[in-house]
Amino acid sequence: IAQKLSMANLYSLLQNVENQVDAYAVQETIKEMRKAHVQKETQSKLECGISFLVGGDGKEAMEVYKELVEDDPNYAEAWNRLATCQFMLGDYEASLESTKKALELEPNHVQALSGLGLIYFEEGEYKEAAQAFRKSAALDPWSLVATKLSLTVDLMNRVIFREELSN
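To start, this report covers the structure provided alongside it. (Residues numbered from 1 in each chain as written. Predicted model: local features only at pLDDT ≥ 70, side-chain atom pairs only at ≥ 80, totals over all residues. Heavy atoms only, no water.)

### What to know about helix α3 (residues 40-54)
- Here α3 is 15 residues long and its end C-alpha atoms lie 21 Å apart, about the 21 Å a rise of 1.5 Å per residue gives.
- Among the residues making up α3, those that are buried are Thr-42, Gln-43, Leu-46, Gly-49, Ile-50 and Leu-53. The buried residues of α3 occupy an angular sector of 110° when projected down its axis, which confines them to one face. Across from the buried face of α3, at angles greater than 90 degrees, the exposed residues are Lys-40, Glu-41 and Ser-51.
- Against α2 (20-35), α4 (58-71) and α5 (76-88) lie the buried residues of α3.
- Looking one or two residues past α3, Gly-56 carries a phi angle of roughly 90°, positive in sign. (Helix = DSSP H or I, 4+ residues; strand = E, 2+ residues; numbered from the N terminus. Expected span 1.5 Å × (residues − 1). Buried < 20%, exposed > 50% of the residue type's maximum accessible area, 1.4 Å probe, protein only. Arc of directions from axis to C-beta. Contact = heavy atoms within 4.5 Å.)

Laid out in structure tokens, this is it:
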């Protein structure tokens, strides 16, 4: 069973399910697997950071995630959560670096790819944003944001095309 629950198999399943209910079950499995860590206290600390973030305390959550990446620099989900906090606090440069680290560890991390697109979008780097959004939507076509990302990509492509024509 463990082999069948590989990320690659889950993404393949996600791309082939027939309805939103089934897609949601696969999405949640992926998210839980991303949070999983061999050290239970490390995973518990991640959950603590999530609670701080959901409770509106981004700075405290960021401190938790900084500790996590110091303790285990190979924990992709901690890097992704750190990037989220940094983005929310307006530190796009740090968020970009943390997101790149998360993607280095887990290249198909849908949330990190979406975050990368948002960072690039905020920085006015629309081609890069479109690439990240496109990859995120391709991996998870059932994502609640996939449609919005696709529409944004289309809009950005029109803007980029107009800019290229005017140059």
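Don't stop here, the text continues.
### Section: the layout of surface pockets
- By volume, the largest pocket amounts to about 630 Å³.
- Forming the boundary of the largest pocket are 29 residues, of which Lys-31, Val-110, Gln-111, Ser-143 and Val-145 lie nearest the centre.
- Listing elements by their share of the lining of the largest pocket, those giving two or more residues are α1 (7-16), α2, α3, α5 and α7 (110-122).
- A total of nine residues in the lining of the largest pocket trace back to one element, the largest contributor, which is α2. (1 Å grid on protein atoms, 1.4 Å probe; cavity = no way out; pocket = protein on both sides within 12 Å on 5 of 7 lines; lining within 4 Å. Points joined across faces, edges and corners; volume = space filled by probe spheres on them.)

### As for the pattern of salt bridges
- By the definition in use, this model includes nine salt bridges.
- Of the charged contacts, one joins Glu-67 and Lys-45 as a salt bridge, the two residues approaching to 2.9 Å between their closest N and O atoms. Here Glu-67, found in helix α4, pairs with Lys-45, found in helix α3; they are 22 residues apart in sequence, far enough to count as distant.
- We classify Lys-45 as partly exposed; its relative accessible area is 27%.
- For Lys-101, the salt bridge identified is with Glu-104, shortest N-O distance 3.3 Å. In this pair, Lys-101 and Glu-104 are both assigned in helix α6 (residues 92-105), three residues apart and thus about one turn of the helix distant.
- One network of salt bridges, in which partners are shared, links Glu-32, Lys-35 and Glu-47. (Salt bridge = Lys/Arg side-chain N within 4 Å of Asp/Glu carboxyl O.)

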